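# Summary of the model geometry
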Amino acid sequence: MTTPLRLGTRGSKLALAQSQMMADELTARTGVPVELVRIVTAGDRSAAPVAQLGVGVFVSALRDALVNREIDFAVHSYKDLPTAQHPTLHIAAVPVREDPRDALIARDGKALAELAPGSTIGTGAVRRIAQLHALGLQLQVTPIRGNIDSRIARVFGPEADLDAVVLARAGVARLGRTAEIAETLDPMLMLPAPAQGALAVECRSGDADLVELLGILDHAPSRAAVTAERALLATLEAGCSAPVAAHAELAEGEHGDEIYLRGAVISPDGARAVRLSRTGTPAGAAEIGKALAADLLEAGADTLMGSTE
């Protein structure tokens, strides 16, 4: 193949870094050239909070370009994808997942527990806001939007107005800024979003040769973990509108690899939460997620909508 494959990507610094990483890896492993095609999404054009914009706001334009054959494949941050399967598109690969945990960037390199009561901490995710409230540290939590560089600038820049921000560690790492992380947050304190840190390489399901080619980028353990987390989220979406968090880990068990999945649903004000876990095999990843979601609903997860502070 001498004609470059067209890889659709958002134009943000992080999206470009992620897409170029996948383009370089695909070329290195297959010899197929890849060119990046920038696509502007509705999420890029709006300054509204992500929670108001809705699921899929960063991927719909990329998917439209795929369906219209303007590009050959796309690389998404997996957590941005709607949980419903697209009728004509296929996730051909889930590459090796970056660290899914959240990261704290704070003035003077302070850890979360070292921030003084009343400190202002910014984040864009209702899941993080809810869990920060739940910690009872008397922090002033502020919803923020913007790319990673602009968020970090609100802590370290000349016009800094926040004491700290919480971001996905994966994005900070992919932009080479891990030296500025004060603390990588233990999932026991801050359970990540389903599929956080994972990428999804998507193409048209009918392009069998391309599906096979892109499959070389797939990492089975990462796919299994993300499948479990996303199945939990998909099952909860019909019965619960409170913030959802999930984290799956693969470990060696007595009878082969096992998935250990933790899930949580938190009231927006952090006052109440339901946290449960399940284990199973990678082959049953989706079933583990669905079962844990059912457990969470049975334990009252659907009643956790509360007032935000």
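See the structure printed just above.
Residues numbered from 1 in each chain as written. Predicted model: local features only at pLDDT ≥ 70, side-chain atom pairs only at ≥ 80, totals over all residues. Heavy atoms only, no water.

A few words now on the overall build of the chain. When helices and strands are tallied, the chain shows 10 helices and 13 strands. In terms of its C-alpha atoms, the chain occupies a principal-axis envelope of roughly 60 × 50 × 35 Å. Taking all 309 residues of the chain together, the buried fraction comes to 48%. Contacts spanning at least 24 positions in sequence make up 69% of the contacts within the chain whose residues lie at least 6 apart. When the accessible surface of the chain is totalled, it reaches about 13,800 Å², and 50% of it is carbon and sulfur. (Helix = DSSP H or I, 4+ residues; strand = E, 2+ residues; numbered from the N terminus. Buried < 20%, exposed > 50% of the residue type's maximum accessible area, 1.4 Å probe, protein only. Contact = heavy atoms within 4.5 Å. Areas by Shrake-Rupley, 256 points an atom, 1.4 Å probe, with all protein chains shown as cover.)

One open sheet holds the 5 strands; their spatial order is β2-β1-β3-β10-β4, and the pairing between them is mixed. Two strands bound the open sheet, and with one partner strand each, they are β2 (34-38) and β4 (89-93). On average, each strand axis in the sheet is tilted by 35° relative to the strand beside it, whichever way the strands run. Bridge analysis of β4 against strand β10 (residues 199-204) gives 4 bridges, and the strand direction is antiparallel. Bridged to Leu89 within β10 is Arg204. Contacts between helix α1 (residues 13-30) and the sheet are confined to β1 (5-9), β2, β3 (73-77) and β10, with β2 contributing the most and set at about 160° to the helix. (Pairing = 2+ DSSP bridges. Axes fitted to C-alpha atoms, helices over the stretch in contact; angles between N-to-C directions.)

In this section: the environment of Thr235. Note on placement: Thr235 falls in helix α9 (residues 220-237). It is 9.2 Å that separates the C-alpha atoms of Thr235 and Leu292, two residues lying 57 residues apart in sequence. Apart from residues no more than four positions distant in its own chain, Thr235 is found in contact with Lys290 and Ala293.

Take the environment of Ala198 next. Looking at where Ala198 falls in the secondary structure, it is placed in the loop between β9 (183-184) and β10. Placed 91 residues apart in sequence, Ala198 and Arg107 show a C-alpha to C-alpha distance of 28 Å. Ignoring anything within four residues of it in the chain, the contact list for Ala198 reads His76, Ser77, Tyr78, Arg97 and Val226.

Turning to the pattern of salt bridges, a few remarks are in order. One pass over the structure, following the stated rule, counts 17 salt bridges. For Lys13, the salt bridge goes to Asp149, with nearest N and O atoms at 3.1 Å. Remark: Asp149 occurs in helix α6 (residues 148-156) and Lys13 occurs in helix α1; sequence separation between them is 136 residues. The exposure class of Lys13 is exposed, given its relative accessible area of 53%. By relative accessible area, Asp149 is classed as partly exposed at 23%. A salt bridge links Glu25 to Arg29; the nearest nitrogen and oxygen atoms lie 3.0 Å apart. (Salt bridge = Lys/Arg side-chain N within 4 Å of Asp/Glu carboxyl O.)

Both strand β11 (residues 244-253) and strand β12 (residues 256-266) contribute to a ladder of 10 bridges, which runs antiparallel. Bridged to Ala245 within β12 is Ala264. Connecting the antiparallel pair β11 and β12 is a turn made up of 2 residues. Sheet topology note: the β12/strand β13 (residues 273-280) ladder contains 8 bridges and is antiparallel. Within β13, the residue paired with Arg262 across the bridge is Ser277. In textbook terms, the turn of a hairpin is the stretch between consecutive antiparallel strands, and for β12 and β13 this stretch comprises 6 residues, one of which, Gly270, has a positive phi near 75°.

Turning to the pairing of strand β5 (residues 102-106), a few remarks are in order. Within β5, 5 of the 5 residues are buried, which leaves it mostly tucked inside the rest of the structure. Residues Asp102, Leu104 and Ala106 of β5 are buried on one face, and the alternating residues Ala103 and Ile105, pointing to the opposite face, are buried as well. Here 5 bridges tie β5 to strand β8 (residues 164-168), and the two strands are oriented antiparallel to one another. If you follow Asp102 over to β8, its bridge partner there is Ala168.

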